Amino acid sequence: MNAQHIGFIGLGVMGTPMATHLAQAGHHLWLHDAQIDVALNLANAIGPHAVALEDPRAVGAHSDIVFTMLPHGQVVQSVALGLDRPGFGLINGLKPGGLLVDTSSCEPWLTRQTAAALAERGIGMIDAPVSGAQWGAQAAALVFMVGGAEPDLVRVRPLLEVMGKTVFHLGAVGCGHAMKAINNCITAITLMNTTEGLLAGQRYGLDPAV
């Protein structure tokens, strides 16, 4: 795989190991986080192929592909479109043909709104939320649930495979986030039902450890 210029925004417990894997694969990283010290520290840890930048626009201006790993869809939309800081969003830096890959867990309707706004500038978007938690990010064993156009997925699949072990293409943009939301919902319901079962068992004298 040829070295690419890749942006990564959101360097928390998931984003930091994901970005590190991309750097270790030989790519040039342009980093940003709401806490600038986090981006600076990671850039220093990675070495000369990583640079911390002060805003999303700068990341977009240096990158062909930008990954985001952020708390929810409103934050992604703000970073992508510059809603909180007009003129400083990714949309103001990425060139036509650029691509945003959002690995956050987001509301699919917001994802589609963001993708539509980027498309007006000739910028593509893929939603690729993950399963695997922090350990999966550290071990490069994440599972990606992808929504987006097939050519865009072909373009980024080698990068996803650097960070994870499995990639599922689920349909158009927004489908990845819809699947992640459904997955989270099923997980929560299962946890609640399991807890109810444990409580019922205790009332009948069963030992939860058994």
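Just above sits the structure.
Keep in mind it's a predicted model, so treat the numbers as computed, not measured.

Attention shifts here to the overall build of the protein chain. Broken down by element type, the protein chain carries 8 helices and 9 strands. Relative to a compact globule of 210 residues, whose C-alpha radius of gyration would be 17 Å, the protein chain shows 19 Å and is just as compact. For the protein chain, the C-alpha atoms occupy an extent of roughly 65 × 35 × 35 Å along the three principal directions. The 210 residues of the protein chain split such that 48% are buried. Entry remark: accessible area of the protein chain is about 10200 Å², with carbon and sulfur atoms responsible for 59%. Measuring between centres, the 10 positive side-chain charges of the protein chain sit 3 Å from its 15 negative side-chain charges.

In a regular helix each residue adds 1.5 Å, so 12 residues correspond to 16 Å; helix α5 (residues 108-119) covers 16 Å between its end C-alpha atoms and thus fits that length. Residues of α5 that are buried include every one of P108, L110, T111, T114, A115 and L118, and no others. The arc enclosing the buried residues of α5, seen along the axis, measures out at 155°, which places them on a common side. In this structure, the buried side of α5 is in contact with α4 (73-81), β5 (99-102), β6 (124-127) and α8 (175-203).

One way to put it is that helix α1 (residues 15-24) packs onto helix α7 (residues 150-163) with a least axis distance of 8 Å and a crossing angle of 115°. Two packed elements cross with a definite hand, and for α1 against α7 that hand is right-handed. Contacts between α1 and α7 involve M18, H21 and L22 from the first element and L159, V162 and M163 from the second. Along the lines of polarity and charge, the residues of the contact of α1 with α7 split into 5 nonpolar, 1 polar and no charged.

Looking now at the side chain of H21. Residue placement: H21 occurs in helix α1. A polar contact is formed between the side chain of H21 and the backbone oxygen of Q138, at a distance of 3.2 Å. Not counting chain neighbours up to four residues away, the residues in contact with H21 comprise A137, Q138, A139, A140, V162 and M163.

A separate point is the packing of α4 against α5. Running from N to C, α4 and α5 point in directions that differ by 10°, and their axes come no closer than 9 Å. Comparing their axes, α5 and α4 come out roughly parallel. Of the residues in α5, those touching α4 at G73, Q74, Q77, A80 and L81 are L110, Q113, T114, A117 and L118. When the residues that make up the contact of α4 with α5 are grouped by side-chain class, the tally is 5 nonpolar, 5 polar and no charged.

What follows is about the pairing of strand β1 (residues 5-9). For β1, the tally of buried residues reaches 4 of 5 residues, placing the bulk of the element in the interior. For the segment spanning β1, α1 and strand β2 (residues 28-32), crossover handedness is right-handed. Both β1 and strand β4 (residues 65-68) contribute to a ladder of 4 bridges, which runs parallel. Bridge pairing in β4 places I6 opposite I65.

Throughout the structure, instances matching the rule amount to 0 disulfides. The thiol sulfur of C106 is not disulfide-bonded, and the nearest other cysteine sulfur, from C175, lies at 14 Å. For C106, a relative accessible area of 8% corresponds to the buried category.

For the rest of this paragraph, the subject is the environment of A137. With respect to the helices and strands, the residue A137 is situated in helix α6 (residues 133-138). Using a relative accessible area of 0% as the deciding quantity, one classes A137 as buried. Considering only alpha carbons, one finds A137 and A19, 118 residues apart in sequence, at a separation of 9.6 Å.

Criteria and cut-off values
Residues numbered from 1 in each chain as written. Predicted model: local features only at pLDDT ≥ 70, side-chain atom pairs only at ≥ 80, totals over all residues. Heavy atoms only, no water. Helix = DSSP H or I, 4+ residues; strand = E, 2+ residues; numbered from the N terminus. Rg over C-alpha atoms; globule rule 2.2 N^0.38 Å. Buried < 20%, exposed > 50% of the residue type's maximum accessible area, 1.4 Å probe, protein only. Areas by Shrake-Rupley, 256 points an atom, 1.4 Å probe, with all protein chains shown as cover. Lys, Arg positive; Asp, Glu negative; His and termini not counted. Charge placed at Lys NZ, Arg CZ, Asp CG, Glu CD. Expected span 1.5 Å × (residues − 1). Arc of directions from axis to C-beta. Contact = heavy atoms within 4.5 Å. Axes fitted to C-alpha atoms, helices over the stretch in contact; angles between N-to-C directions. Left-handed = near helix turned anticlockwise from the far one by under 90°. Nonpolar A, V, L, I, M, F, W, Y, C, P; charged D, E, K, R; others polar. Polar contact = N/O pair within 3.5 Å; in protein donor to acceptor, adjacent residues only side chain to side chain. Parallel < 35°, antiparallel > 145°, perpendicular 65-115°, else oblique. Right-handed = clockwise from strand over helix to strand, strands pointing away. Pairing = 2+ DSSP bridges. Disulfide = S-S within 2.5 Å.

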